Amino acid sequence: MKKTKRRRRRNRRAVLARRMAVGGMAVLLAGLCLCLYLLVSKGNPSEEGIEYLEKGQYEEAVSQFEEAVKEEVNVGDAYRGIGIARWELEDYEGAKDAFQKALEQESESPFTGTIYNFLGNCELKTGNPQSAQNYFQLGIGLKGNSAELDQEMKYNLIVALEQSGDWENAKAKVTEYAAEYLDDANVLKEQQFLQTR
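This section reports on the structure supplied with the text. Treat the numbers as computed from the prediction; the structure is a model and nothing was measured.

### Quick word on the packing of helix α4 (residues 75-88) against helix α5 (residues 92-105)
Running from amino to carboxyl end, α4 crosses α5 at an angle of 160°, the nearest separation of the two axes being 8 Å. With respect to α5, the axis of α4 lies roughly antiparallel. Crossing of α4 over α5 shows left-handed handedness. Residues V75, G76, Y79, R80, I82, G83, I84, R86 and W87 of α4 form the contact with α5, whose participating residues are Y92, G94, A95, A98, F99, K101, A102 and Q105. A class-by-class count of the residues in the contact of α4 with α5 yields ten nonpolar, four polar and three charged.

Structure follows, in structure tokens:
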């Protein structure tokens, strides 16, 4: 009878030890999973930057995109995000610098036309209409551009020609534009304006 009690006690201890070992492993595994989840769900700074852009929190967006550049996460997208945020903050020099870096990272991106449009507009805002013309001309007709983007850049090119005082080329471009975009009400104003030049 004593042997049976000892065996039962040993069996209980063995079962208890196995349960503790299995339980300990489960706790360890759960802890590792939690750590992995926390590491993975830390967040992508570019995605967080986009969220800040959408909320109109541009300074925070710049910080997140700069973090993405440091971490080398979607660097081209991050520079594009910095450019957009700086544009919204009316920091046109900072926007221009960021957009140029975005182009260096992804010259074949479907967003290249949009970047050239932003660069041209930054140049217009900073008083460099000749440089703006160059960016608009580089951007017009690129693969991946929407029809609306090409139309906008063609119109912006006319504005850049006007700002640089190149009236003859502005008149020629506005005539081309009017023939291509019959439904654009702004073109009539531009044509009337250019007739006075």
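Back to the text.
### Some remarks on the pattern of salt bridges
Tallying each qualifying case throughout the model produces eight salt bridges. In this structure, the salt-bridge partner of R86 is D91, at a minimum N-O distance of 3.5 Å. According to the relative accessible area criterion, D91 is partly exposed, its value standing at 29%. In this structure, E93 and K96 form a salt bridge, with 3.4 Å as the shortest nitrogen-oxygen distance. Here E93 and its partner K96 are both found in helix α5, three residues apart, which amounts to about one turn of the helix.

### Brief notes about α4
Over its 14 residues, α4 extends 20 Å from the first C-alpha to the last, a length consistent with the 20 Å expected when each residue adds 1.5 Å. Buried residues dominate α4, accounting for eleven of its 14 residues. Restricting attention to buried positions, one finds in α4 the residues V75, G76, A78, Y79, R80, G81, I82, G83, A85, R86 and W87. Taken together, the buried residues of α4 touch α2 (45-55), α3 (58-70), α5 and α6 (112-125). One or two steps after α4, the chain reaches E90, where phi turns positive at roughly 60°.

### Quick look at the nonpolar core
Of all hydrophobic cores here, the largest spans 23 residues; its most connected members are F65, W87, F99, I115, L119 and C122. Secondary structure elements with two or more residues in this core: α3, α4, α5 and α6. Within the second largest apolar cluster, 18 residues are counted, among which are L124, L157, A178 and Y181.

Thresholds applied
Residues numbered from 1 in each chain as written. Predicted model: local features only at pLDDT ≥ 70, side-chain atom pairs only at ≥ 80, totals over all residues. Heavy atoms only, no water. Axes fitted to C-alpha atoms, helices over the stretch in contact; angles between N-to-C directions. Helix = DSSP H or I, 4+ residues; strand = E, 2+ residues; numbered from the N terminus. Parallel < 35°, antiparallel > 145°, perpendicular 65-115°, else oblique. Left-handed = near helix turned anticlockwise from the far one by under 90°. Contact = heavy atoms within 4.5 Å. Nonpolar A, V, L, I, M, F, W, Y, C, P; charged D, E, K, R; others polar. Salt bridge = Lys/Arg side-chain N within 4 Å of Asp/Glu carboxyl O. Buried < 20%, exposed > 50% of the residue type's maximum accessible area, 1.4 Å probe, protein only. Expected span 1.5 Å × (residues − 1). Core = buried A, V, L, I, M, F, W, Y, C linked by side-chain atoms within 4.5 Å.

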